[in-house]
Amino acid sequence: MDTHTGRRRTDTDAADRPADPAFERRLLAQVERLITERGSVLAAQGRSLADLGDVEEFAERMVAALPTRHPYDESLGPFYDTAGLVTWLGVSRQAVADRVRRGTLLACRTADGHLLYPSLQFGRDGQVRPGVFEAVGEFTRRGVDGWAVALWLTTASEAFEGHSAVDFLVLHRSSAAALQRVAEVATADAQSWVA
């Protein structure tokens, strides 16, 4: 969704749109402000930003948090690829694969065998959002395809007052009742899909 126009962006829009230097300047200024604030907090603790590690590695991790574009962005939102997710989360490929296998991380396999991870499942801290975490587990433990799970999470349903599961959780601020509702519907749907 383009936050300036209120409409969804398409791949054609992205290809036709020139770089936005003003946006990039605002983004860099905001990052600089946040780094300065973090540096002040660390200084108060007797530490410095230099204590955080190699500058290039740190910058790569920051940029890895930016999702890549994919043809399914229109319906499911941006995705992370494995390399980007590993860098952003600071974990190994094996750790990501293990989370996918256990059903605690949603992955969608492309026709050429690559895994993509819908960004809609993550909070700012890189953790899978409450409610989404449980729903993904319900479906993946039953062998439901990642694309089907992603569509379930993003498709409006009467079970969620006409919203998608993700929007329902956001609307209700992941309240206990909302978490329970999403888990119940996910369990029922997952069971019916494999029956």
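Located above this text is the structure these notes cover.
These figures come from a predicted structure and were not determined experimentally.

A separate point is the environment of Thr110. Looking at where Thr110 falls in the secondary structure, it is placed in the loop between β2 (108-109) and β3 (115-118). Linking Thr110 and Gly146, residues 36 residues apart in sequence, is a C-alpha distance of 10.0 Å.

We now examine helix α7 (residues 132-140). Among all positions in α7, only Val132, Ala135, Val136, Gly137, Glu138 and Phe139 are buried. Its buried side turned inward, α7 meets α8 (146-154), α9 (165-171) and α10 (176-194).

Of all hydrophobic cores here, the largest spans 37 residues; its most connected members are Leu85, Tyr117, Phe122, Trp152, Leu153 and Val182. For this core, the secondary structure elements donating two or more residues are β1 (79-81), α5 (82-89), β3, α7, α8, α9 and α10. Setting aside residues no more than four positions away along its own chain, Trp152 makes contact with Ala135, Phe139, Phe160, Ala165, Val182, Val185, Ala186, Asp189 and Trp193.

Take the sheet that holds β1 next. A sheet is described by the order of its strands in space; here 3 strands give the open sequence β1-β3-β2, paired in antiparallel fashion. Since the sheet does not close on itself, it has two edges, and those belong to β1 and β2, each with one partner. Here β2 pairs with β3 via 2 bridges, running antiparallel. Bridge pairing in β3 links Arg109 to Leu115.

Reading the values: rules and limits
Residues numbered from 1 in each chain as written. Predicted model: local features only at pLDDT ≥ 70, side-chain atom pairs only at ≥ 80, totals over all residues. Heavy atoms only, no water. Helix = DSSP H or I, 4+ residues; strand = E, 2+ residues; numbered from the N terminus. Buried < 20%, exposed > 50% of the residue type's maximum accessible area, 1.4 Å probe, protein only. Contact = heavy atoms within 4.5 Å. Core = buried A, V, L, I, M, F, W, Y, C linked by side-chain atoms within 4.5 Å. Pairing = 2+ DSSP bridges.

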